[in-house]
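Below, each chain spelled out in residue letters.
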Amino acid sequence: MRVLSGIKPTGKLTLGNYIGALKNFAKYQNENEVFIFIADLHALTLPIDPEELRNNIKLITAFYLAAGLDPEKVTIFKQSDVSAHAELNCILQNYLYMGELNRMTQFKEKSQTMDNNAIGLGLFTYPVLMASDILLYEANKVPVGEDQVQHVEITRDLVNRFNNRYGKILVMPEPEIAKVGKRIMSLSEPTKKMSKSENDKGDIFLIDDLSVIRKKIMSAVTDSGSEIKVDIENKPGITNLLTIYAALKDISLEAAELEFKDARYGDFKKAVAETVINIIGPFQERARKVIESGEVDRVLNEGAIKAAKVANITLHKVQKAVGLK
Ligand code: TYM
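Below or above, wherever it landed, is the structure these notes cover. (Residues numbered from 1 in each chain as written. Predicted model: local features only at pLDDT ≥ 70, side-chain atom pairs only at ≥ 80, totals over all residues. Heavy atoms only, no water.)

### Things to note about the overall build of the chain
Part 1 of the argument: In terms of regular secondary structure, the chain is built from 14 helices and five strands.
Part 2 of the argument: Whereas a compact globule of 325 residues would reach a radius of gyration of roughly 20 Å, the chain reaches 20 Å, a difference of no more than 12%.
Part 3 of the argument: Its C-alpha atoms give the chain principal-axis dimensions of about 65 × 45 × 40 Å.
Part 4 of the argument: Relative to its full complement of 325 residues, the chain shows a buried share of 52%.
Part 5 of the argument: Excluding contacts between residues fewer than 6 apart, the proportion of contacts in the chain whose partners are at least 24 apart in sequence is 74%.
Part 6 of the argument: Counting 43 positive and 43 negative side-chain charges, the chain places the averaged centre of each group 2 Å from the other. (Helix = DSSP H or I, 4+ residues; strand = E, 2+ residues; numbered from the N terminus. Rg over C-alpha atoms; globule rule 2.2 N^0.38 Å. Buried < 20%, exposed > 50% of the residue type's maximum accessible area, 1.4 Å probe, protein only. Contact = heavy atoms within 4.5 Å. Lys, Arg positive; Asp, Glu negative; His and termini not counted. Charge placed at Lys NZ, Arg CZ, Asp CG, Glu CD.)

Structural data, given as structure tokens:
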């Protein structure tokens, strides 16, 4: 089975990125062919400082290794290093329609506050490049958080459309969503997604000092009442903290609920904070060591060569199917 996923190097990665995506990647590496990349071309779809982009690329590569990905088993690479992504994007943009792209939630959210005359085309055609990422590696499974599922679904529509016209050329991917933690919410506004584009006391960033993480969790919004239980409607804050706890402990939400059945809010928050710190502390330490070791460039260079070999085969198939070759 082929597994592929990626992270966009914009802003500061959050605990949401860790729980919804990053922490789940390594479990595939022993039994599957895994491709994990840095979506740096996607990072250009909104304005970003070049130095910040360069640093983010390095940091995410270090995070991949710190999360347990073994570059001997997994192909870790940077999207822009493999030119097939841009080439396939150029072909596939003819097989998705403006009406479909207009309906994408991410596009609607990101463009909402922008001047209509100044929305970059890349932001609009974002799903085409993402489909190219997935299809080049003939990925069967795409582990993502809930907010990216719509992009995998539109990739599936594209596969149907393309294959109906040209025969069985593209491989149908499927989104793979974490059982617990597919959508981690902000700690200060638990009805909103925790997001790296925000910069708020409600977002836990993976580079936050551990003392800051503790403070953010201890001051997380809780709900009225005193019961600790899963109730998204009436207790979104408590439900979110239970989700974070269960996801990091690798237990079910029910098991987490049972553990804190008789606890008070304060003690519960302390336990959540300890759990996050016990995982993120060593994770940060491992990432720091990777950066110091200078391993990042080597991993990305070797990964790009391996990725390009696979990607070019698919690109060639598509070029042939449509009549370019
Ligand atoms: P990105 O960089 O926004 O997010 C990376 C991953 O983190 C997940 N995620 C969350 N999961 C749970 N709770 C949250 N609050 C939360 N916030 C983010 C995202 O769902 C994602 O899995 N377009 C992608 C990058 C990409 C990609 C791809 C992914 C480009 N091409 C091909 C898979 C396959 C993105 O911007 O993710």
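### Thoughts on the nonpolar core
Part 1 of the argument: Ranked by size, the top nonpolar core spans 60 residues in total, and within it Leu15, Tyr18, Leu22, Tyr64, Ile217, Ile244 and Val276 carry the most contacts.
Part 2 of the argument: The element that contributes the greatest number of residues to this core is helix α13 (residues 265-293), accounting for ten residues.
Part 3 of the argument: Domain assignment of the residues forming this core places at least three in each of domain 1 (2-181 + 294-322) and domain 2 (210-288).
Part 4 of the argument: With 42 residues, the next largest nonpolar core counts Phe37, Ala39, Met104 and Val144 among its residues. (Core = buried A, V, L, I, M, F, W, Y, C linked by side-chain atoms within 4.5 Å. Domains from an automatic or database assignment.)

### Some points on the site of the ligand
Part 1 of the argument: Among the 28 residues in the neighbourhood of the ligand, the closest are listed as Tyr126, Asp133, Asp147, Ile184 and Lys196.
Part 2 of the argument: The contact in question runs from an oxygen atom of the ligand to an N or O atom on the side chain of Asn17, over 3.1 Å.
Part 3 of the argument: Note that a nitrogen atom of the ligand is positioned 2.8 Å from one of the backbone N or O atoms of Ile184.
Part 4 of the argument: In isolation the ligand exposes 720 Å². Once the protein is present, 98% of that is buried.
Part 5 of the argument: When residues of the shell around the ligand are traced back to their parent elements, those giving at least two are β1 (2-7), α1 (15-25) and α8 (126-136).
Part 6 of the argument: For the shell around the ligand, the class distribution of residues is twelve nonpolar, nine polar and seven charged. (Near = heavy atom within 4 Å. Polar contact = N/O pair within 3.5 Å; in protein donor to acceptor, adjacent residues only side chain to side chain. Areas by Shrake-Rupley, 256 points an atom, 1.4 Å probe, with all protein chains shown as cover. Nonpolar A, V, L, I, M, F, W, Y, C, P; charged D, E, K, R; others polar.)

### Focus: the pairing of strand β2 (residues 33-38)
Part 1 of the argument: Of all six residues making up β2, five are buried, and the element is well covered by its neighbours.
Part 2 of the argument: In the sheet, β1 pairs with β2 via six bridges, with the strands oriented parallel. Along β2, the bridge assignment pairs Leu4 with Phe35.
Part 3 of the argument: Read from β1 through α1 to β2, the crossover connection turns out right-handed.
Part 4 of the argument: With five bridges connecting them, β2 and strand β3 (residues 74-78) associate as parallel partners. Its bridge partner being in β3, Phe37 is matched across the sheet by Phe77. (Pairing = 2+ DSSP bridges. Right-handed = clockwise from strand over helix to strand, strands pointing away.)

### What to know about the packing of α1 against α13
Part 1 of the argument: For the pair α1 and α13, interaxial distance at closest approach is 13 Å and the crossing angle is 85°. Considered as vectors, α1 and α13 are oriented roughly perpendicular to each other. Across the interface between the two elements, Leu15, Tyr18 and Leu22 from α1 touch Val276, Ile279, Ile280 and Phe283 from α13.
Part 2 of the argument: Counted by class, the contact of α1 with α13 contains seven nonpolar, no polar and no charged residues. (Axes fitted to C-alpha atoms, helices over the stretch in contact; angles between N-to-C directions. Parallel < 35°, antiparallel > 145°, perpendicular 65-115°, else oblique.)

### Some remarks on the packing of aromatic side chains
Part 1 of the argument: Within this structure, the stated rule accounts for twelve aromatic pairs.
Part 2 of the argument: Ring centres 5.5 Å apart and planes at 25° place the aromatic pair Phe37 and Phe77 in the stacked group. Placement of Phe37 in strand β2 and of Phe77 in strand β3 is noted, with a sequence separation of 40 residues between them. By the burial criterion, Phe37 is buried, and Phe77 matches it.
Part 3 of the argument: Members of the aromatic cluster, connected to one another through ring pairs, are Phe35, Phe37, Phe77 and Tyr137. (Phe/Tyr/Trp six-rings, centres within 6.5 Å; stacked < 30°, edge-to-face > 60°.)

### Examining the packing of helix α3 (residues 50-66) against α13
Part 1 of the argument: Packing of α3 against α13 brings their axes to within 8 Å, and their N-to-C directions diverge by 120°. When the axes of α3 and α13 are compared, the pair comes out oblique. The hand of the α3/α13 crossing is right-handed. When α3 is examined against α13, the residues Leu59, Ala62, Phe63, Leu65 and Ala66 are found in contact with a partner set consisting of Phe283, Arg286, Ala287, Val290 and Ile291.
Part 2 of the argument: Taken together, the residues of the contact of α3 with α13 sort by class into nine nonpolar, no polar and one charged. (Left-handed = near helix turned anticlockwise from the far one by under 90°.)

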